[in-house]
Amino acid sequence: MAEAATLEPHAADPHDAGHGHGHDHHPSLAHHFEDLEQQFQAGKLGMWLFLAQEVLFFSGLFAAYTVFRWHYPEVFVDAHHHLNKTLGAINTIVLLASSLAIAWGVRAAMRNDRRTILNTHVFTLGCAALFLGVKAIEYTHKWDEGIGPGNFYKFSGGHLEADWHFADYMPSLAIGSLVIGAAITFFGARWAGNAKPVKGWVTASIGVCVLSFGLGIVLAKCIMPTEAEMARAGGHDAHAADHAAESHESDAAPTEGTELAAVTSAAAPGEGETTAAGEVDPKSPEEQAQDVAAAPRGAAFGPANFFAIYFIMTGVHAVHIIAGIIAITWVVAKAAASEFSAEYFLPVENVGLYWHIVDLVWIYLFPLMYLIH
């Protein structure tokens, strides 16, 4: 019985040795990989597959844009005048700067430069939040003017009537973001200096995002004030003159899309309904259907449809920006905990690749949406 109870010495498992479960085991090495190099290559392949499906996802949106742009070019040319090219260019520069910073951060990870990883990624977070602040003003400016994916009052000569407008509250939001963001950043910096690096850097990152969002609002408001604000400032005439000069070509020779917007917005009234002149339409539904069928090309696709494409494509891109902010903040937390080194920097590089794809999508969106001619 004693001999039966005697246990044989546990032989060294070559599988364990291959995984480095001894003294040379790296803490970031997953148990199902042989070494860090295999883990790096597998993770890189998985990231590229993910980015490939992201490209396919955006390709569907770009395909829809191409089809409608090909069939109704006049509508796109006329509607794009309501987008601010200066704000689009600023956002492009901001995202290019963020790509440069995050690429610099990947290089810093390869060189064991923890401080540079943190600084470059926090800077990238600031650029991302600044981008969203500018887009917030662009979106709310359009909604206040009655321009949305389901309506387009400008082209039909109407005006959006509301008890309140986003523009009335954006200055308060900007001031609140600046004050709160500065306070959060200050406390985060204090915690990082008091031997609390992870909590401090994550808090500072959140503060930089809030602060930069407010800066984006202020910047966009200075460049693109609303018509009501221009009127209060006494500059409505100058603003109107600038807009008239910008769209002089389209006003001199009305495009097909401009003429048809009125047709689209003033849809054919049903039997017994009144027309724009206030008279009862004597035409039967069959005759009205024939009139709609005989309308020039483009009547079925008005400026509202252009802005439906605009809001969907830029909105999906903004969602990816927010996802990037979350991922970059996670990298900041891991870097603050000193989890990255020249031996292990796969998450830094993968997040950087994702961010480059997000920037690349905007580089295509900017000329297609803002610079149409």
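Preceding this section is the structure that the text describes.
A quick note: this is a predicted structure, and the numbers were derived from the prediction, not measured. (Residues numbered from 1 in each chain as written. Predicted model: local features only at pLDDT ≥ 70, side-chain atom pairs only at ≥ 80, totals over all residues. Heavy atoms only, no water.)

Peer 1: Which residues make up the packing of helix α5 (residues 85–110) against helix α8 (residues 197–223), and what values do they have?
Peer 2: In the contact formed by α5 and α8, the axes pass within 10 Å of each other and the chain directions differ by 150°. Between α5 and α8, the angle is such that the two are roughly antiparallel. By crossing handedness, the relation of α5 to α8 is classed as right-handed. Note on element contacts: α8 touches α5 through L219, A220 and I223, opposite T86, L87 and I90. Considered class by class, the residues forming the contact of α5 with α8 number five nonpolar, one polar and no charged. (Axes fitted to C-alpha atoms, helices over the stretch in contact; angles between N-to-C directions. Helix = DSSP H or I, 4+ residues; strand = E, 2+ residues; numbered from the N terminus. Parallel < 35°, antiparallel > 145°, perpendicular 65-115°, else oblique. Left-handed = near helix turned anticlockwise from the far one by under 90°. Contact = heavy atoms within 4.5 Å. Nonpolar A, V, L, I, M, F, W, Y, C, P; charged D, E, K, R; others polar.)

Peer 1: Please give an account of a nonpolar patch on the surface that cites residues and values.
Peer 2: On the surface, L96, L360, I363 and Y364 cluster together into a nonpolar patch covering about 370 Å² of accessible area. The element contributing the most residues to the nonpolar patch is helix α15 (residues 346–370), with three residues. Its place among the elements puts L96 in helix α5. Given a relative accessible area of 45%, L96 falls into the partly exposed group. (Patch = residues over 30% accessible without salt bridge, like charges linked within 9 Å, V, L, I, M, F, W, Y side chains within 5 Å. Areas by Shrake-Rupley, 256 points an atom, 1.4 Å probe, with all protein chains shown as cover. Salt bridge = Lys/Arg side-chain N within 4 Å of Asp/Glu carboxyl O. Buried < 20%, exposed > 50% of the residue type's maximum accessible area, 1.4 Å probe, protein only.)

Peer 1: Can you tell me about the side chain of S212, naming the residues and giving the values?
Peer 2: With respect to the helices, strands and loops of the structure, S212 is situated in helix α8. Polar contacts involving the side chain of S212 include one to the main-chain carbonyl oxygen of G126, which spans 3.4 Å. Ignoring any residue separated from it by four or fewer positions in sequence, one finds S212 in contact with G126, A129 and L130. (Polar contact = N/O pair within 3.5 Å; in protein donor to acceptor, adjacent residues only side chain to side chain.)

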